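# Summary of the model geometry
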Amino acid sequence: MKIYLTELSIKSRERMQIINVTSEVSGVIERSGIRDGLANLWVPHTTAAITVNEHDPDLWMDILAVMERIAPIKGDYRHNAKYRWAQSEQNAHAHILNSLIKPFLTIPIADGRMLLGMWQSILFIEMDGPQTRTIQIQIIGE
Amino acid sequence: MKIYLTELSIKSRERMQIINVTSEVSGVIERSGIRDGLANLWVPHTTAAITVNEHDPDLWMDILAVMERIAPIKGDYRHNAKYRWAQSEQNAHAHILNSLIKPFLTIPIADGRMLLGMWQSILFIEMDGPQTRTIQIQIIGE
Amino acid sequence: MKIYLTELSIKSRERMQIINVTSEVSGVIERSGIRDGLANLWVPHTTAAITVNEHDPDLWMDILAVMERIAPIKGDYRHNAKYRWAQSEQNAHAHILNSLIKPFLTIPIADGRMLLGMWQSILFIEMDGPQTRTIQIQIIGE
């Protein structure tokens, strides 16, 4: 069994932003030398998430619009009220959405490639940017 | 370490439909010969998802009703408007729900069986059917 | 490759309750002796879930408030109506939220520790308590 661990760094430019990281993750898989196994992507943040979806910036705005309906940025939150003196803590919406969109993905690898479907791209979701963020990538296999 | 990879084919008959695939997945675990490890189920589609829940078709209608409230099929979406000439692309609701329900599950295996609880069935969720769909199943263990 | 499997027992005291289980899970990782690999946490229940978020009980109330908006406890559900004679089955809200919050997490381990970010705690989410609940923890690695 081989285990390979590395991390990606992502810079977001907006408060809410979807960023396609598929090619960066594919590069990591290739460099790992692991041909068959699992890639676990882990976002070590509570106000950003990761998902898989089509590369369509219009769709991304639709996704962000539904997220805003579920947990509005300007909602009435106890977390924000407690830290009302701290602009950087007005982010309960992002924490809540993190527990819905989730901060991890586990993707199978075969013959050196992720088994992504034709329309699947790996999307990092910034929900409290702009910030510099990390994705941990651990690959287990042979 | 053993790695076993196979895929299941699923035919949906409705636009929105929940299909219990537990026995098909259990059969794959058995055929893999892996007694202890992890099963990673991966749906290589952006408009279908997979989850675990009780086998109760009434509950499934409740789940679909909440999904329709979160992202209505007939909602106002930029993705749908951009492709308004294409009936097959009127599916932003399904893309959005894919990023909430998620297209993967990682289930522990012990003594040759998935550690599913008494009420847990593996449910494939079609959100833009009817279609023929795939579930990739990769098992890692011994 | 080493595979380690154990379970945690959790007692909830409320109908809806978030419980920080990070230190219990960290203890399991340490006892496993596995230094590098993946920890898969699996909740074998259809009315409880698991997630990662900040240790802030005010935020937890914000999360539960959004969950109540998505799938109200007193909502109109076919599952509840079918079992209207059974108080213990008035829990469609919990089943629905299980498929959104999800009953599993896969966390990378390096140098004997989970790669949790500074603000990430592992949170068990009871949605139909009080009950005694289980988390299965399977660790694969070296």
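All figures in this text were calculated on a predicted structure; none of them were measured in a lab.

Reading the values: the criteria
Residues numbered from 1 in each chain as written. Chains lettered and ligands numbered in written order. Predicted model: local features only at pLDDT ≥ 70, side-chain atom pairs only at ≥ 80, totals over all residues. Heavy atoms only, no water. Helix = DSSP H or I, 4+ residues; strand = E, 2+ residues; numbered from the N terminus. Contact = heavy atoms within 4.5 Å. Areas by Shrake-Rupley, 256 points an atom, 1.4 Å probe, with all protein chains shown as cover. Lys, Arg positive; Asp, Glu negative; His and termini not counted. Charge placed at Lys NZ, Arg CZ, Asp CG, Glu CD. Phe/Tyr/Trp six-rings, centres within 6.5 Å; stacked < 30°, edge-to-face > 60°. Buried < 20%, exposed > 50% of the residue type's maximum accessible area, 1.4 Å probe, protein only. Buried area = accessible area lost by both parts, 1.4 Å probe. Salt bridge = Lys/Arg side-chain N within 4 Å of Asp/Glu carboxyl O. Polar contact = N/O pair within 3.5 Å; in protein donor to acceptor, adjacent residues only side chain to side chain. Least-squares fit on C-alpha atoms with pLDDT ≥ 70 in both. Pairing = 2+ DSSP bridges. Axes fitted to C-alpha atoms, helices over the stretch in contact; angles between N-to-C directions. Nonpolar A, V, L, I, M, F, W, Y, C, P; charged D, E, K, R; others polar.

## Description of the overall build of chain A
- On a plain count of helices and strands, chain A comes out with four helices and eight strands.
- Tracing chain A from N to C terminus, the helices and strands come up as β-β-α-β-β-α-α-α-β-β-β-β.
- Dimensions of chain A, computed from C-alpha atoms along their principal axes, come out at roughly 50 × 30 × 20 Å.
- Put simply, of all contacts in chain A between residues at least 6 apart along the chain, 83% involve residues at least 24 apart.
- When the accessible surface of chain A is summed, it comes to about 5600 Å², and 50% of that surface belongs to carbon and sulfur atoms.
- Considering chain A, the positive charge centre built from 14 side chains and the negative charge centre built from 16 side chains are found 7 Å apart.

## So, the packing of aromatic side chains
- The final tally for this structure, using the stated rule, is nine aromatic pairs over all chains.
- On the numbers, 5.7 Å between centres and 85° between planes, the contact of F104 of chain A with F104 of chain B is edge-to-face. Of this pair, F104 of chain A sits in strand β5 (residues 104–110) while F104 of chain B sits in strand β5 (residues 104–110), which puts the two residues in different chains.
- Of the residues examined, F104 of chain A reaches a relative accessible area of 2% and is grouped as buried.

## Quick look at the interface of chain A and chain B
- Facing the 35 residues of chain A at the interface are 30 residues of chain B.
- Taking both partners together, chain A and chain B bury about 2800 Å²; carbon and sulfur atoms supply 61% of that area.
- The interface formed by chain A and chain B includes three salt bridges.
- Here K82 of chain B and D56 of chain A are joined by a salt bridge, their closest N and O atoms 2.5 Å apart.
- For the interface between chain A and chain B, the tally reads 19 residue pairs in polar contact (both at pLDDT 80 or more).

## So, the relation of the copies chain A and chain C
- The two copies are related by a screw operation: chain A maps onto chain C through 120° of rotation and 0.0 Å of translation along the axis, at an RMSD of 0.0 Å. Considering both components of the superposition, the chain copies are consistent with a three-fold axis.
- When the interface residues of chain A are mapped onto chain C, a mere 20% of them again lie at the interface, so each copy presents a different face.

## Some points on the sheet that holds strand β8 (residues 132–141) of chain A
Residues and elements named next belong to chain A.
- Reading across the sheet, the five strands line up as β1-β8-β3-β5-β6 and stay open at both edges, with antiparallel pairing between neighbours. A single partner strand is all that each edge strand has here, and the edge strands are β1 (2–11) and β6 (113–114).
- Here two bridges tie β5 to β6, and the two strands are oriented antiparallel to one another. Its bridge partner being in β6, A110 is matched across the sheet by R113.
- Against the sheet, helix α1 (residues 22–32) contacts β1, β3 (37–42), β5, β6 and β8, and its axis sits at roughly 155° relative to β1.

## Let's talk about the interface of chain A and chain C
- Chain A puts 30 residues into the contact, and the matching count from chain C is 35 residues.
- Roughly 2800 Å² of surface becomes buried between chain A and chain C when both sides are summed, with 61% attributable to carbon and sulfur atoms.
- Three residues, M1, W42 and R78 of chain A, lead the burial of chain A against chain C; their summed loss comes to 22% of the area buried on that side.
- Across the contact surface, chain A and chain C share three salt bridges.
- Across the pair K82 of chain A and D58 of chain C runs a salt bridge whose closest N-O atoms are separated by 3.1 Å.
- On inspection of chain A and its partner chain C, the count reaches 19 residue pairs in polar contact (both at pLDDT 80 or more).
- Within the residue set of the side of chain A that touches chain C, elements represented by two or more residues are β1, β3, α3 (78–82), α4 (92–101), β5 and β8 of chain A.
- The dominant element in the side of chain A that touches chain C, judged by the number of residues it contributes, is α4 of chain A, at six residues.
- Classifying every residue of the side of chain A that touches chain C by side-chain character gives 17 nonpolar, 10 polar and three charged.

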